[in-house]
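Remarks on the overall topology
Take a look at the letters that make up each chain.
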Amino acid sequence: MSAAELIGHLTQQQAGEHDAAMLAVRLSHAERLGNMGWAEWNLRTGDAVWSDHVYVIFGRDRADGPLGLPELAGYVEPCDLGALDQLLWSVVQGVEPVQAEFRIRRGGEVRNLRVVLEPLVAPGGPIGVHGVVQDITGRRRAERIMSESRRQLLEARERAAEERHVMLAMREAILPEPTGRLDLPGTRIAVRYVPAEKTANLGGDWFEAAALPDDRVMLAIGDVSGHGLPAIAHMAQLRHALVGLTMTGQPADQLLAWLNELVLHRLEETTATAIIGHLDTATRIFTWSQAGHLPPILVRDGKAETLTQPRGVLLGATCDQPYRLASVELRDGDLLLLFTDGLVERRTRDIDEGLDLAVSAAAHLLTSDLDAGLDRLLADIGGPNPEDDACLLAVGVGI
């Protein structure tokens, strides 16, 4: 062999050694990424060969050498020994790869392994076993976490559904919605209570409409601050107090002043908005007062506008600001729409924009079709509010 041929041969040999070393590095890197390794067992001699990462998986020092197939049982959790026995029996009996999952104890912790074994078969039968061992502890832990999260989510949904049912049942007991129309002297009334889509946001919206002994009709609507059972409980106290106070025959501003005292001294850390009005069925004059509430909408001859508000602060805000009265003379065919802020407020838009939408939609209300009209109005302004409940009280005059 010439010198040139010898140099070429050595160069090729070095290149081959370099390629083999690079392949070994890449294989070791792949084993680490997949948390897996390979192993072979000779069934005739009992010899075994493991890749480096199998030692890592079993927590075994490489100097101690690999485990034989029978010795694997010493690492496997007792309750999983049946799975290992079935795996080994299947691989020595067949010609196809078999797999199983079992747990081992490594350094005081339990690890989940997936093992795939393939028989090495000669004409006389199996002579060995080739296997791939993968540590899937992280995957199983993630699955358990996901399963527990799904369970907790399902339980939370069930609790939320139950809480919603309880709160709606309480509201219905306190504030039953009339079936169909509520016709009072000289009026036709339709009501809608639209609960918030989110259970936690069910709140203290309320209404009242009642005929009084002096031939007037009392109309009221309000909203207690907060959400959930506390707001519903405060709403019940406020509304029941108004029902009792109404029998005194006092005007709306005085009724609000009394309710303000109740909120200040009996309903701690609570505020509320409200409108109270009296409609004289003989003169058609509606006299009303408000406490921090959005104004009613008057619909007349197909046109809608908000009424000019009298002065009045939130119930529970202060005790030294008087409430004022306002009056408007209504005509046959007029319609009043009282509502809570859940109708017009949205996170995605300014409240003035929502109020403008409500005014535009209210212009299409007809006193002869109040029930269907309220449904159309709700759809026209964007449907139910997911963040807050809403109450609507539509009053057709002179029907």
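The structure we're discussing is the one just above.
My aim in this report is to walk through the structure given alongside it, one point at a time. As the structure is a computational prediction, the values presented were derived from the model and not from experiment. (Residues numbered from 1 in each chain as written. Predicted model: local features only at pLDDT ≥ 70, side-chain atom pairs only at ≥ 80, totals over all residues. Heavy atoms only, no water.)

1. Observations concerning the overall build of the chain
Looking only at helices and strands, the chain features eight helices and 15 strands. Among the 399 residues that make up the chain, the fraction classed as buried is 42%. Here the contacts in the chain between residues at least 6 apart in sequence split such that 62% fall between residues at least 24 apart. Looking at the chain as shown, the accessible area adds up to about 20700 Å², and 54% of this sits on carbon and sulfur atoms. (Helix = DSSP H or I, 4+ residues; strand = E, 2+ residues; numbered from the N terminus. Buried < 20%, exposed > 50% of the residue type's maximum accessible area, 1.4 Å probe, protein only. Contact = heavy atoms within 4.5 Å. Areas by Shrake-Rupley, 256 points an atom, 1.4 Å probe, with all protein chains shown as cover.)

2. With respect to empty space enclosed by the protein
The full count for this structure, using the stated rule, is two cavities of 30 Å³ or more. Of all the elements in the fold, those that place two or more residues in the lining of the largest cavity are helix 3 (81-93) and strand 4 (109-122). Broken down by class, the residue content of the lining of the largest cavity amounts to eleven nonpolar, no polar and no charged. As a volume, the second largest cavity reaches approximately 40 Å³. Along its surface, the second largest cavity is lined by Val194, Gly342, Leu343, Arg346, Leu378, Gly383, Pro384, Asn385 and Ala390. Considered class by class, the residues forming the lining of the second largest cavity number five nonpolar, three polar and one charged. (1 Å grid on protein atoms, 1.4 Å probe; cavity = no way out; pocket = protein on both sides within 12 Å on 5 of 7 lines; lining within 4 Å. Points joined across faces, edges and corners; volume = space filled by probe spheres on them. Nonpolar A, V, L, I, M, F, W, Y, C, P; charged D, E, K, R; others polar.)

3. Re the side chain of Asp223
Along the chain, the position of Asp223 falls in strand 8 (residues 216-227). If near-sequence neighbours (up to four positions away) are discounted, Asp223 is found in contact with Gly204, Asp205, Trp206, Thr271, Ala272, Thr273, Thr340, Asp341 and Asp388.

4. A word on the sheet that holds strand 5 (residues 125-135)
Overall, antiparallel pairing links the five strands, which are arranged 2-1-5-4-3 in an open sheet. The open sheet has two edge strands, strand 2 (48-50) and strand 3 (98-106), and neither has a second partner. Each adjacent strand pair in this sheet contributes to an overall mean axis angle of 25°, direction not counted. Along the sheet, helix 3 contacts strand 3, strand 4 and strand 5; its crossing angle with strand 3, the most-contacted strand, is approximately 140°. (Pairing = 2+ DSSP bridges. Axes fitted to C-alpha atoms, helices over the stretch in contact; angles between N-to-C directions.)

5. Considering the sheet that holds strand 10 (residues 285-291)
Spatially, five strands are ordered 7-8-9-10-13 in an open sheet, and the strand pairing comes out antiparallel. The open sheet has two edge strands, strand 7 (203-211) and strand 13 (326-329), and neither has a second partner. Strand-to-strand twist in this sheet, taken as the mean axis angle between neighbours without regard to direction, amounts to 15°. Across nine bridges, the pairing between strand 8 and strand 9 (residues 272-280) is antiparallel. Note that in strand 9 the partner of Asp223 across the bridge is Thr273. Here helix 6 (residues 252-266) sits on the sheet and contacts strand 9 and strand 10; the angle it forms with strand 9, its principal contact strand, is near 155°.

6. Focus on the packing of aromatic side chains
Evaluated as defined, the whole model comprises three aromatic pairs. Summarising the aromatic geometry, the rings of Phe58 and Tyr75 are spaced 5.6 Å apart at their centres and angled 80° between planes, so their arrangement reads as edge-to-face. Here Tyr75 lies in the loop between helix 2 (52-58) and helix 3 and Phe58 lies in helix 2, a separation of 17 residues in the sequence. Accessibility expressed as a relative area gives 6% for Phe58, which makes it buried. The exposure class assigned to Tyr75 is partly exposed, which follows from its relative accessible area of 22%. (Phe/Tyr/Trp six-rings, centres within 6.5 Å; stacked < 30°, edge-to-face > 60°.)

7. A few points about the side chain of Arg60
By secondary structure assignment, the location of Arg60 is in the loop between helix 2 and helix 3. Beyond its immediate chain neighbours, meaning those up to four positions away, Arg60 contacts Trp50, Tyr55, Gly65, Pro66, Leu67 and Tyr75.

8. Details of unusual backbone geometry
Backbone geometry places Glu269, a non-glycine residue, at a positive phi of 55°. Locating Glu269 in the fold gives a position in the loop between helix 6 and strand 9. With a phi angle near 55°, Asp301 is a residue other than glycine that sits in the positive phi range. Residue classification places Asp301 among the exposed residues on the basis of a relative accessible area of 72%.

9. Considerations on the pairing of strand 7
Where burial is concerned, most of strand 7 is hidden: seven out of the nine residues are buried. As paired strands, strand 7 and strand 8 are joined by nine bridges and run antiparallel to one another. Of the residues in strand 8, the one forming a bridge with Gly203 is His227. If you look at the hairpin formed by strand 7 and strand 8, you'll find four residues sitting between the two strands, and Asp215 has a positive phi there, around 70°.

10. As for the environment of Ala394
Counting through the fold element by element, Ala394 comes out in strand 15 (residues 390-397). Residue class for Ala394 comes out buried when judged on its relative accessible area of 0%. Spatially, the C-alpha atoms of Ala394 and Leu370 are 7.1 Å apart, while their sequence positions differ by 24 residues. Apart from the residues within four sequence positions on either side, Ala394 is in contact with Arg188, Ile189, Ala190, Leu336, Leu337, Leu370 and Leu374.

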